[in-house]
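For reference, the chains in residue letters:
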Amino acid sequence: MDQPSESGRKSIQLQGIGVSPGVATGPVYLLTTDEDRFVERDIGEDEIAREIARFEDALILTRKQIHEIQAQVKDAIGPDSASIFDAHLLVADDRAIVDEVIRGLYVRKKNVETVLREVSDRYMQALMKVEDDYLRERAVDVRDVTRRILRNLSGGSSQAIARFTEPHILVTNDLAPSDTAVLDKDHVIGFATDLGSPTSHTAIMARALGIPAVVGLHDVSVRISTGDQILIDGNTGVLITNPSREQLERYGKVEESRQAIRSDLETLRDQPAETLDGYHVVLSCNIELEKDVDQVLDNGGTGVGLFRTEYLYLSRKSLPSEDEQAAIYEAVAARVAPGPTVIRTLDLGGDKFLSQLRMPAEINPFMGWRAIRFCLAQPDIFKTQLRAILRASIHKNVKIMYPMISNLDEVLRANELLEECKSELRALDVPFNEKIDVGVMIEVPSAALTTHLLAPHVNFFSLGTNDLVQYTLAVDRVNERIAYLYEPTHPAILRLIKNTIDVGHEHGIWTGICGEMAGNPLMVPLLIGMGVDEFSISPSLVPLVKDVVRKLRYSQAEDLAEVAMTSESASIVNERCRELVGQIAPEILELVT
Ligand code: PEP
Ligand code: MG
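Small disclaimer: the values here were computed from a predicted structure and weren't measured. For every chain, the first residue of the written sequence is number 1, and numbering continues from 1 onward in sequence order. For this description, chains carry letters from A and ligands carry numbers from 1, given in the order in which they are written. At least 70 in pLDDT is required for a residue's local features to be given in this predicted model, at least 80 for side-chain atom pairs to be given and counted, and no such filter applies to totals for whole chains, interfaces and linings, which use all residues. Each side-chain value is worked out from all heavy atoms of the structure, with water and hydrogens disregarded.

Turning our attention to the overall build of the protein chain. A tally of helices and strands in the protein chain yields 25 helices and 17 strands. For the protein chain, the C-alpha radius of gyration of 25 Å lies close to 25 Å, the compact-globule estimate for 593 residues. When its C-alpha atoms are laid out on the principal axes, the protein chain stretches across 80 × 75 × 40 Å. The classification of residues rests on relative accessible area computed with a 1.4 Å probe and restricted to protein chains. Under 20% of the type maximum is buried, over 50% is exposed, and intermediate values are partly exposed. Residues counted as buried form 56% of the 593 residues belonging to the protein chain. Contacts are assigned to residue pairs with any non-hydrogen atoms lying within 4.5 Å of each other. For the protein chain, the share of sequence-separated contacts (at least 6 apart) that also reach a separation of at least 24 residues comes to 69%. Side-chain charges of the protein chain comprise 62 positive and 90 negative groups, with the mean position of each set lying 2 Å from the other. Comment: elements are numbered from the N terminus, with helices defined as DSSP H or I runs of at least four residues and strands as E runs of at least two. In this setup the radius of gyration rests on C-alpha atoms only. A globule is expected at 2.2 Å times the number of residues raised to 0.38. Two residue types count as positive, namely Lys and Arg, and two as negative, namely Asp and Glu; His and chain ends fall outside the count. By convention, the charge on Lys lies at NZ, on Arg at CZ, on Asp at CG and on Glu at CD.

Here you go:
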């Protein structure tokens, strides 16, 4: 809906997906400096020399960065892994590519970003077509180095974000989880993106940081300019440009009332997560960084059910060493003790990539070389982490969890490497917990359907519904166009969840749930009724979930689960879930997105 506002500037209201609650109002900062979003521009004869100079500066910086990363990787994990950067240096030094770009500037009379992209696309396509595996892989090097040069030409997107000095609402096409992780809350008071969905890691990170966010707005980044005033509501997904006084007042009041409910819920912090009839629920939290433990404790979480350790590897130039990781894991475990600390091993890939490691460009990254697959192929990196976790396990509450298991062999191989790490530590007389618990994430349908094969080899399961839903329903979790199909209560998902819990119990092991579904207060009674033993959720959601648990009777949860298991569709289940929470804790309906 477009209409003029009081300021006379056009007001537009857009509907996206609210992924991190709260209302934010302020001036827009439009971020367009991502390496893939440069503007194609015609240049005059007199600008060619300047473009060549820019290109050469970016090349020098790129080579310097690659040398630095290579040295850091060598220190952290050894010369073999560092040698992959030799290939990057070969590309950055390749005279044929460099000369072709310079020639292209004279012929095409376009800015250097455009010409470089054209040349590199041609090289990549030619390399992809050759039979030889080695040469085909060089296409990845060309892509990576091109990205780095483009980023250096633009100044780098994360640097642009870091340059803010005044509070802004960031508007951009898409934001990488690694860029979201470094947002400065004082200066970025909210963000809105064209792409994204509630279970993307960018959205999860926004909730962890407590920054209101609306994603999936399709074309907001071309409809809005730097300096526009906007309002975003991270609960309802509304974005309004140049809002009127009346709109500001209305949303201000809504936010005030939400804040009042939230402050009431703060009183629950030290209360147990127990139903009215005494059924106890374990309420742990998902964390991305060590400092998130403050929020776990402030909100009354009693453990860490998912430490997404990949964030230790993102947003930095070198891989974290064994000592550095051990210190972080120990610190987290000590602070949440006696509650559990479940440390998930590196879950890279999908929508999380490391700039310091070469990962191939894949058409389907979520189904590609990621998580445990990547770790088993890179035992140096994996074992460094396993030894660090083992060292932290002198705190007996530390547990290990492998992500994205799709078959038993992966568990057996990971456990073999874990045993090797134990032997290495024993040989050095380094203490650790010999009986450390090992669990697997159940987030691939093949794992959920073969829990009976996995159970004898592990101590617990944790349902990763964010991925389980995308793989089972064939719905990419970060694609806003098909977000309407992303249904955690689809009958197929409920069956996989139930099977996992029941098989776990038959084998005497517990099942947690750490996907975003677990933190949705509307779903909590259903999951309790299905038999989930542990919830691991974003810290800010602990008070909401605890409120629901404390107003619930276990028998109501069981009844709801029984109805849900025989329902035909997700919408029917969602309605029943909302109905029950509306009856027992109506205030919660105002807070959910
Ligand atoms: C999941 O897939 O549900 C999960 C918790 O892991 P992540 O969101 O990090 O993929
Ligand atoms: Mg996952």
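Burial of the side chains of strand β17 (residues 534-537) extends over both faces: E534 and S536 are buried on one face and F535 and I537 on the other. Between any two strands, pairing holds if DSSP finds at least two bridges. Alignment of strand β10 (residues 282-287) against β17, held across 4 bridges, turns out to be parallel. Across the sheet, the residue bridging to C285 is I537, located in β17. Relative to β17, strand β16 (residues 510-513) is paired through 2 bridges, and the arrangement is parallel. From the neighbouring strand, I513 faces β17, where its bridge partner is F535. As a crossover connection, the stretch from β16 through helix α22 (residues 524-530) into β17 is right-handed. The handedness rule is simple: strands pointing away from the viewer, and a clockwise path from the first strand over the helix to the second, make the crossover right-handed.

This part is about the coordination of the magnesium ion (ligand 2). Shown as donors are all N, O and S atoms within 2.8 Å of a metal ion, widened to 3.2 Å for Na, K and Ca; because water is not in the atom set, sites may appear incomplete. Every protein donor of the magnesium ion (ligand 2) is accounted for by E443 (OE) and D467 (OD), and the metal-donor separations fall at 2.1 Å. One end of the pair, E443, is in the loop between β14 (437-442) and α18 (445-448); the other, D467, is in helix α20 (residues 465-473), and 24 residues separate them in sequence. D467 shares its class with E443; the two are buried.

In this section: the packing of helix α16 (residues 379-392) against helix α17 (residues 408-427). Interhelical geometry of α16 versus α17 gives an angle of 60° and a closest axis separation of 9 Å. Here α16 lies oblique to α17, going by the angle between them. Seen along the crossing, α16 lies across α17 with a hand that is right-handed. Together, F382, K383, L386, R387, L390 and R391 of α16 and A414, L417, L418, E420, C421, K422, E424 and L425 of α17 make up the contact between the two elements. By the convention adopted, Pro, Cys, Tyr, Trp, Phe, Met, Ile, Leu, Val and Ala count as nonpolar, Lys, Arg, Asp and Glu as charged, and the other residues, Gly among them, as polar. For the contact of α16 with α17, the class distribution of residues is 8 nonpolar, no polar and 6 charged. The axes are straight lines fitted to the C-alpha atoms, using for helices just the contacting stretch, and the angles between their N-to-C directions are given from 0 to 180°. Any angle that falls under 35 degrees is termed roughly parallel, while one over 145 is termed roughly antiparallel, one within 65 to 115 roughly perpendicular, and all others oblique. What makes a crossing left-handed is the near helix being turned counterclockwise from the far one by less than a right angle; a clockwise turn instead makes it right-handed.

One heavy atom within 4 Å of a molecule or strand is enough for the residue carrying it to be called near that molecule or strand. As a matter of local geometry, ligand 1 sits amid 16 residues, with H201, R308, G464, N466 and R477 nearest to it. Counted as a polar contact is a pair of N or O atoms within 3.5 Å, where, for protein atoms, one must be capable of donating a hydrogen and the other of accepting one, and residues adjacent in sequence contribute only when both atoms are in side chains. Between ligand 1 and the protein, one listed contact pairs an oxygen atom with a side-chain N or O atom of R308 at 2.7 Å. At 2.8 Å, a side-chain N or O of R477 approaches an oxygen atom of ligand 1. Of the residues forming the shell around ligand 1, the biggest block, 3 residues, is contributed by α20. Taken together, the residues of the shell around ligand 1 sort by class into 4 nonpolar, 5 polar and 7 charged.

It is worth spelling out the sheet that holds β14 at this point. Within the closed barrel, the 8 strands sit side by side as β10-β11-β12-β13-β14-β15-β16-β17. Their pairing is parallel. When strand polarity is set aside, the average angle formed by the axes of neighbouring strands in this sheet is 25°. Against the sheet, helix α14 (residues 322-336) makes contact with β10, β11 (304-308), β12 (341-344) and β13 (398-402), and its axis sits at roughly 160° relative to β11, the strand it touches most. Contacts from α16 reach β12 and β13 within the one sheet, and its direction differs from that of β13 by about 155°.

With that settled, the discussion passes to the side chain of T172. Tracing the sequence through the fold places T172 in strand β5 (residues 168-172). Of the polar contacts made by the side chain of T172, one reaches the backbone oxygen of L31; its length is 3.1 Å.

Next up on the list: the pairing of strand β15 (residues 460-463). Looking down a regular strand, the side chains alternate between one sheet face and the other. Of the two faces of β15, the one carrying F460 and S462 and the one carrying F461 and L463 are both buried. Bridge count between β14 and β15: 4 bridges; the pairing is parallel. Within β15, the residue paired with I442 across the bridge is L463. Pairing of β15 with β16, which is carried by 4 bridges, proceeds in the parallel orientation. Residue pairing across strands places L463 opposite I513, the latter belonging to β16.

Its location among the elements puts V573 in helix α25 (residues 570-584). Taking the C-alpha atoms as reference points, V573 and P491, separated by 82 residues in sequence, lie 8.9 Å from one another.

Turning to the environment of T345, a few remarks are in order. In this fold, T345 is placed in the loop between β12 and α15 (371-377). Put simply, T345 and F382 are 37 residues apart on the chain and 7.8 Å apart in space, counted from C-alpha to C-alpha. Excluding residues that lie within four positions of it along the chain, T345 makes contacts with T309, E310, F382, Q385, L386, I389, I400, M401, Y402 and P403.

Right, let's talk about the packing of aromatic side chains for a bit. Here a pair means two rings of Phe, Tyr or Trp (six-membered ring of Trp) with centres within 6.5 Å. Their orientation is stacked below 30 degrees between planes, edge-to-face above 60, and tilted elsewhere. Inspection of every chain in the model, using the stated rule, returns 5 aromatic pairs. Relative to Y329, the ring of F307 has its centre 5.8 Å away and its plane inclined at 90°; by these criteria the two rings are edge-to-face. Residue F307 is found in strand β11, and its partner Y329 is found in helix α14; the two are separated by 22 residues along the sequence. Summarising the burial analysis for this pair, F307 and Y329 share the class buried.

Expected helix span is computed as 1.5 Å times (number of residues minus one). A rise of 1.5 Å per residue sets the reference length of helix α5 (residues 112-129), with its 18 residues, at 26 Å; its end C-alpha atoms lie 26 Å apart and thus fit the reference within 8%. Listed as buried for α5 are V112, E113, T114, V115, L116, V119, S120, M124 and L127.

Should a side-chain nitrogen of Lys or Arg be within 4 Å of a carboxyl oxygen of Asp or Glu, the pair is scored as a salt bridge. Scanning all chains against the criterion turns up 36 salt bridges. Note that K110 is salt-bridged to D42, the shortest N-O span being 2.8 Å. Within this pair, whereas K110 is found in the loop between α4 (95-108) and α5, its partner D42 is found in the loop between β4 (23-31) and α1 (48-77), the two being separated by 68 residues in sequence. When its relative accessible area of 14% is taken as the criterion, K110 is described as buried. The closest approach of N and O atoms between E118 and R108, which form a salt bridge, is 2.7 Å. With E118 in helix α5 and R108 in helix α4, this pair connects stretches of sequence that are 10 residues apart. Classification of E118 by relative accessible area gives partly exposed; the value is 26%.

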